[in-house]
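Summary of the model geometry
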Amino acid sequence: MEESDFEGTLVLEKLAEIGKVDAFFEAIDVDDFGKAKSLMMRASVSDETIEMVLKKMRDAD
């Protein structure tokens, strides 16, 4: 997946389906990469998308 193809809204929609949007944002706020990854996995986000989100988290620091 190219970064230009990344659509963060889809990640949030999947997290909303399992009621974990707030927990995901809390994980991002404290740079808890493990928790963010775990939540995305529970929401059935693709591995490729998870890696893109984690990269964006690292790049934001």
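So, how was this worked out
- Residues numbered from 1 in each chain as written.
- Predicted model: local features only at pLDDT ≥ 70, side-chain atom pairs only at ≥ 80, totals over all residues.
- Heavy atoms only, no water.
- Helix = DSSP H or I, 4+ residues; strand = E, 2+ residues; numbered from the N terminus.
- Buried < 20%, exposed > 50% of the residue type's maximum accessible area, 1.4 Å probe, protein only.
- Contact = heavy atoms within 4.5 Å.
- Patch = residues over 30% accessible without salt bridge, like charges linked within 9 Å, V, L, I, M, F, W, Y side chains within 5 Å.
- Areas by Shrake-Rupley, 256 points an atom, 1.4 Å probe, with all protein chains shown as cover.
- Salt bridge = Lys/Arg side-chain N within 4 Å of Asp/Glu carboxyl O.
- Lys, Arg positive; Asp, Glu negative; His and termini not counted.
- Charge placed at Lys NZ, Arg CZ, Asp CG, Glu CD.
- Core = buried A, V, L, I, M, F, W, Y, C linked by side-chain atoms within 4.5 Å.
- Axes fitted to C-alpha atoms, helices over the stretch in contact; angles between N-to-C directions.
- Parallel < 35°, antiparallel > 145°, perpendicular 65-115°, else oblique.
- Left-handed = near helix turned anticlockwise from the far one by under 90°.
- Nonpolar A, V, L, I, M, F, W, Y, C, P; charged D, E, K, R; others polar.
- Expected span 1.5 Å × (residues − 1).

Okay, the overall build of the protein next. Scanning the protein from terminus to terminus reveals four helices and zero strands. Along the protein, helices and strands appear, N-terminal first, in the series α-α-α-α. A burial count over the protein gives 28% of its 61 residues as buried. Intrachain contacts of the protein at a sequence separation of at least 6 include 56% that bridge at least 24 residues.

Taken together, the side chains of D22, E26, D29, D31 and D32 define an acidic patch exposed on the protein surface. Counting through the fold element by element, E26 comes out in helix α2 (residues 21-29). On the accessibility criterion, E26 (54% relative accessible area) is exposed.

A separate point is the nonpolar core. Grouped together as the largest cluster of nonpolar side chains are 14 residues, with contacts concentrated most on V11, L15, F24, M40, V45 and V53. Contributions of two or more residues to this core are made by α1 (8-17), α2, α3 (33-42) and α4 (47-60). A per-element tally of this core places α4 first, with four residues. The contact partners of F24, leaving out residues within four places of it in the chain, are V11, L12, L15, A36, L39, M40 and V53.

Interhelical geometry of α2 versus α3 gives an angle of 155° and a closest axis separation of 8 Å. Here α3 runs roughly antiparallel to α2, going by the angle between their axes. The two elements α2 and α3 cross, and the hand of that crossing is left-handed. Counting all contacts with α2, which are made through A23, F24 and A27, the residues of α3 involved are K35, A36, L39 and M40. Grouping the amino acids of the contact of α2 with α3 by side-chain chemistry returns six nonpolar, no polar and one charged.

One turn of an α-helix holds 3.6 residues; hence residues three or four places apart share an orientation. Taking 1.5 Å as the rise per residue, α4 with 14 residues should run 20 Å; its terminal C-alpha atoms sit 20 Å apart, in good agreement. Of all the positions in α4, only T49, I50, M52, V53, L54 and M57 are classed as buried. Where α4 is buried, its residues meet α1, α2 and α3.

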